[in-house]
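Summary of the model geometry
What follows is the residue order along each chain.
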Amino acid sequence: VWRGCRRRLEECGGKGRMPLRYAKLEVVEKTGWLYKRGKRFKGKVKRTVVVKGDKLQVFDPSDRKVPKFETSLIECSVEPAGNDGLTIRAPDRVLTLYANQSEDAKEWLRLLEVATQKCEDYYELGKELGKGSFARVVVGTDKKTGERFAVKILEKSSDPKKFQRQKEIYMREMKIMAKSDHDNVVRL
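Bear in mind the structure is a predicted one, so any value in this text is a computation, not a measurement.

Cut-off values and rules
Residues numbered from 1 in each chain as written. Predicted model: local features only at pLDDT ≥ 70, side-chain atom pairs only at ≥ 80, totals over all residues. Heavy atoms only, no water. Pairing = 2+ DSSP bridges. Helix = DSSP H or I, 4+ residues; strand = E, 2+ residues; numbered from the N terminus. Axes fitted to C-alpha atoms, helices over the stretch in contact; angles between N-to-C directions. Phe/Tyr/Trp six-rings, centres within 6.5 Å; stacked < 30°, edge-to-face > 60°. Lys NZ or Arg CZ within 6 Å of the ring centre and 35° of its normal. Buried < 20%, exposed > 50% of the residue type's maximum accessible area, 1.4 Å probe, protein only. Contact = heavy atoms within 4.5 Å. Expected span 1.5 Å × (residues − 1). Salt bridge = Lys/Arg side-chain N within 4 Å of Asp/Glu carboxyl O.

Spatially, 3 strands are ordered 8-9-10 in an open sheet, and the strand pairing comes out antiparallel. Each edge of the sheet is formed by a strand with only one pairing partner; in this case those strands are strand 8 (123–131) and strand 10 (148–154). Going from strand to strand, the sheet's axes swing by 35° on average, the running direction of each strand aside. Alignment of strand 9 (residues 135–142) against strand 10, held across 7 bridges, turns out to be antiparallel. Bridging from a neighbouring strand, Val 137 pairs with Lys 152 of strand 10.

This brings us to the packing of aromatic side chains. For the coordinates displayed, the defined rule picks out 1 aromatic pair. Seen in terms of ring centroids, Tyr 123 and Phe 149 are 6.2 Å apart; in terms of plane orientation they differ by 80°. Their pairing is edge-to-face. With Tyr 123 in strand 8 and Phe 149 in strand 10, this residue pair connects regions lying 26 residues apart in the sequence. One Lys or Arg, Arg 37, reaches over the ring of Tyr 98 and ends 4.7 Å from the middle of that ring.

Within the element layout of this structure, Thr 71 appears in strand 4 (residues 69–72). Owing to a relative accessible area of 11%, Thr 71 belongs among the buried residues under this scheme. Look past the residues within four positions of Thr 71 in its chain and what remains in contact with it is Asp 54, Lys 55, Leu 56, Cys 76 and Ala 90.

Looking at where Lys 118 falls in the secondary structure, it is placed in the loop between helix 2 (102–116) and strand 8. Taking the C-alpha atoms as reference points, Lys 118 and Glu 75, separated by 43 residues in sequence, lie 9.5 Å from one another. Discounting residues that sit within four places of it in the chain, Lys 118 has contacts with Leu 73, Ile 74 and Cys 76.

Further remarks concern helix 2. Here helix 2 is 15 residues long and its end C-alpha atoms lie 21 Å apart, about the 21 Å a rise of 1.5 Å per residue gives. Among all positions of helix 2, only Ala 105, Trp 108, Leu 109, Leu 111, Leu 112, Val 114, Ala 115 and Thr 116 are buried.

Glancing now at the pairing of strand 8. The side chains of a regular strand alternate, first on one face of the sheet and then on the other. Taken together, the 6 bridges between strand 8 and strand 9 define a ladder with antiparallel strand orientation. Note on strand 9: the bridge partner recorded for Glu 128 is Val 138. If you look at the hairpin formed by strand 8 and strand 9, you'll find 3 residues sitting between the two strands.

Quick look at the pattern of salt bridges now. For the structure on display, the rule yields 7 salt bridges. Here Asp 60 makes a salt bridge to Arg 47, at a shortest N to O gap of 3.5 Å. Within this pair, whereas Asp 60 is found in the loop between strand 3 (55–59) and strand 4, its partner Arg 47 is found in strand 2 (residues 44–52), the two being separated by 13 residues in sequence. Taking relative accessible area as the criterion, Arg 47 reaches 10% and is therefore assigned buried. In this structure, Glu 128 engages Arg 136 in a salt bridge whose closest nitrogen and oxygen atoms are separated by 4.0 Å. Of the residues examined, Glu 128 reaches a relative accessible area of 43% and is grouped as partly exposed.

Okay, here's the thing in structure tokens:
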């Protein structure tokens, strides 16, 4: 097993004890007020915005049970809109929201960028090196430097029960990797 792992790591240009480059390993969770432009009067309409993990919900303040808009952030992109706003591009809708202050808009933008980050934003993905029951490993080429790495892609199930089990396995693997001390294992 070791020889095969080492050979595959060398194929990807592994340099031993590599730090995580782009991953922002934080749980994204925030609830707050943002504003959107009204359709009829073009004034600002207050909305409650909830971001939890990769899920975005926008509620009318008078009804916190049924969201006016809901989407998975995995399929979205986010960009600044002026000094106090941000635009969320979902597959079926574009939503521009505004904060009272530019600092608040910057914080919302940072959190949404973490939630919408994708491996493909940083790496060109190549051939598959291996596959397991929950993940696959492919060759990834850093778009900035051209360096090659082994990239582990975790598959996410849409079934809530399967996803909960996957989440437990991912967390256990991350704990093991955090405790690992080897030149060919990325430190978390």
